[in-house]
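Spelled out from the first residue to the last, the chains are:
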Amino acid sequence: MSKGDLLVERGARGLEELSRKAKLSDELAEDAVFLRKLKPSLIKTRAKGKETVNQVPEREAPAPSPPQAVRPRRQRKAKRPRRTQGPNPFVVAGIALAAGIALAKLIDWRGHAHPRN
């Protein structure tokens, strides 16, 4: 086996190990079989037009693992009542708007008292 074949085989073994542990075991097992078909030596023989002989017999996908038990969630502590700190922000914004308009009118009114020529 070449170095590339060994790397592909190691990746396929890793996928098989993950498939035993993970919830997506069927998909990962299929990926491991597909990855083995991508060995550089097998690709080379297919490119030359020779009939490929699987060097490693295809392993059957492992049977799906039984559903795992789901741990019950912890109960959360009761939330404290929300404390209001300060006035309503809409009231503050309204007061600021009214004060700004009043200040603008005052400045404009005072501007007519001393016109510039």
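As the structure is a prediction and not an experimental result, all values here were calculated from the model.

Caption draft 1: Local environment of the overall build of the chain. If you tally the helices and strands in the chain, you get 4 helices and 0 strands. Secondary structure of the chain in N-to-C order comes out as α-α-α-α. By sequence separation, contacts in the chain at least 24 residues apart represent 53% of the contacts at least 6 residues apart. Carbon and sulfur atoms make up 58% of the accessible area of the chain, which amounts to about 11200 Å² in all.

Caption draft 2: Structural detail: the side chain of Glu-16. Structurally, Glu-16 is set in helix H1 (residues 3-21). Look at Glu-16 and you get buried, because its relative accessible area is 12%. A polar contact is formed between the side chain of Glu-16 and the side chain of Arg-36, at a distance of 3.0 Å.

Caption draft 3: Expanded view of a nonpolar patch on the surface. On the surface, Leu-103, Leu-106, Ile-107 and Trp-109 cluster together into a nonpolar patch covering about 460 Å² of accessible area. Structurally, Leu-103 can be placed in helix H4 (residues 89-113).

Caption draft 4: Summary view of helix H2 (residues 25-36). Helix length check: H2, at 12 residues, gives a terminal C-alpha distance of 17 Å against a target of 16 Å (1.5 Å per residue), a fit within 8%. For H2, the set of buried residues is Ser-25, Leu-28, Ala-29, Ala-32, Val-33 and Arg-36. Relative to the axis of H2, the buried residues are bounded by an arc of 145 degrees and lie together on one face. Pointing more than 90 degrees away from the buried face of H2 are the exposed residues Glu-30 and Phe-34.

What counts, and at which threshold
Within each chain, residue numbers correspond to sequence positions counted from 1 in written order. Predicted model: local features are reported for residues with pLDDT of at least 70 only, side-chain atom pairs are reported and counted for 80 or more only, and whole-chain, interface and lining totals are derived from all residues. The basis for the side-chain values is all heavy atoms of the structure; hydrogens and waters are excluded. Each helix is a run of DSSP H or I of at least 4 residues and each strand a run of E of at least 2, with the numbering of both proceeding from the N terminus. Throughout, a contact is declared for two residues whenever any of their heavy atoms are within 4.5 Å. Calculation of accessible area relied on Shrake-Rupley with a 1.4 Å probe; when residues are assessed, cover is drawn exclusively from the protein chains displayed. For the exposure calls, accessible area comes from a 1.4 Å probe over protein chains only, and a residue counts as buried if that area is under 20% of its type's maximum, exposed if over 50%, partly exposed in between. In protein, a polar contact means a hydrogen-donor-capable atom and an acceptor-capable atom, both N or O and within 3.5 Å, with residues adjacent in sequence counting only if both atoms are side-chain atoms; elsewhere, any N or O pair within 3.5 Å suffices. Nonpolar side chains (Val, Leu, Ile, Met, Phe, Trp, Tyr) are joined into patches within 5 Å and like charges within 9 Å, using only residues with over 30% relative accessible area and no salt bridge. Any carboxyl oxygen of Asp or Glu that lies within 4 Å of a side-chain nitrogen of Lys or Arg is treated as forming a salt bridge with it. The span one expects for a helix is its residue count, reduced by one, times 1.5 Å. Directions drawn from the helix axis to the C-beta atoms are what define this arc.

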